[in-house]
Amino acid sequence: MTRPLIAPVIETERLRLRPLRADDFDPVCRIWSDPENVRFVGGKPSPPSRSWSRVVSSAGYWPILGYGYWALEEQASGNFIGLVGFADFKRDEPAGFSGDPEIGYVIDKAVHGRGYGREAMTACMTWMDETLGRSRTICMIEPGNTASIRIAQRLGYQTYGEGEIDGTKVLLMERL
């Protein structure tokens, strides 16, 4: 398999998934520093240095793994509204939750409730299935994040266990 050096551009009806750039730092920092945006992804706002690490590492997954994260833009406005994609974070916890592509996303609270999460995740899964072939992908979701659980279930994810990460309980889900 030839690994792409950068994320391909994917366009849906309302969204554009594109490679991350250095100038995405400010909106990534804004999203990850807002407690409401990160309530279900660790729960703690990130300092600017961690946001910069996210931009760089998200872009860096592509040449190493053949998949990674995309910048998420609203097509109508061109606004950066989040990050979406796959990674292998080599997690220490929960035990055994690593090695397969892990799908995830964070979307700015300003556009919550518009169906962008489902639209973006569907685009990611379609790309994965068409490009790398259908294989096991995983995700972890806090039990209180009912919107993300519904999206995952609609995409074919099923809960196979429970775990804990940094003291927070999570559902472990897989799509085969």
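As a starting point, this report considers the structure included with it. (Residues numbered from 1 in each chain as written. Predicted model: local features only at pLDDT ≥ 70, side-chain atom pairs only at ≥ 80, totals over all residues. Heavy atoms only, no water.)

Among the residues of helix H1 (residues 25-32), Pro27, Val28, Cys29, Ile31 and Trp32 are the ones counted as buried. Of the surrounding elements, those touching the buried residues of H1 are helix H2 (48-65), strand S4 (80-87) and strand S5 (102-107). (Buried < 20%, exposed > 50% of the residue type's maximum accessible area, 1.4 Å probe, protein only. Helix = DSSP H or I, 4+ residues; strand = E, 2+ residues; numbered from the N terminus. Contact = heavy atoms within 4.5 Å.)

Counted according to the given criterion, the structure contains 15 salt bridges. Ionic pairing is found between arginine 136 and glutamate 174, a salt bridge with its closest N-O pair at 2.7 Å. With arginine 136 in the loop between helix H3 (116-132) and strand S6 (137-141) and glutamate 174 in strand S8 (residues 168-175), this residue pair connects regions lying 38 residues apart in the sequence. Residues joined in a network through salt bridges with shared partners are Glu11, Arg16, Arg18, Asp24 and Glu73. (Salt bridge = Lys/Arg side-chain N within 4 Å of Asp/Glu carboxyl O.)

Here we take up the nonpolar core. Leu17, Trp70, Leu72, Val84, Phe86, Ile103 and Tyr157 are the most contacted members of the largest nonpolar core, which totals 31 residues. Among the elements of the structure, strand S2 (15-18), strand S3 (69-74), S4, S5, H3, S6, helix H4 (146-154) and S8 are those that each provide at least two residues to this core. Per-element tally for this core: the top contributor is H3, with 8 residues. Membership of the second largest hydrophobic core comes to 13 residues, among which are Trp32, Val38, Tyr69 and Val106. (Core = buried A, V, L, I, M, F, W, Y, C linked by side-chain atoms within 4.5 Å.)

On to the packing of H1 against H2. Between H1 and H2, whose axes approach to 9 Å, the crossing angle comes to 125 degrees. Viewed along their axes, H1 and H2 adopt a mutual orientation that is oblique. Classified by chirality, the crossing of H2 by H1 is right-handed. Facing Phe25, Val28, Cys29 and Trp32 of H1, the residues of H2 in contact are Pro48, Ser51, Trp52, Arg54 and Val55. Looking at side-chain class alone, the contact of H1 with H2 contains 7 nonpolar, 1 polar and 1 charged residues. (Axes fitted to C-alpha atoms, helices over the stretch in contact; angles between N-to-C directions. Parallel < 35°, antiparallel > 145°, perpendicular 65-115°, else oblique. Left-handed = near helix turned anticlockwise from the far one by under 90°. Nonpolar A, V, L, I, M, F, W, Y, C, P; charged D, E, K, R; others polar.)

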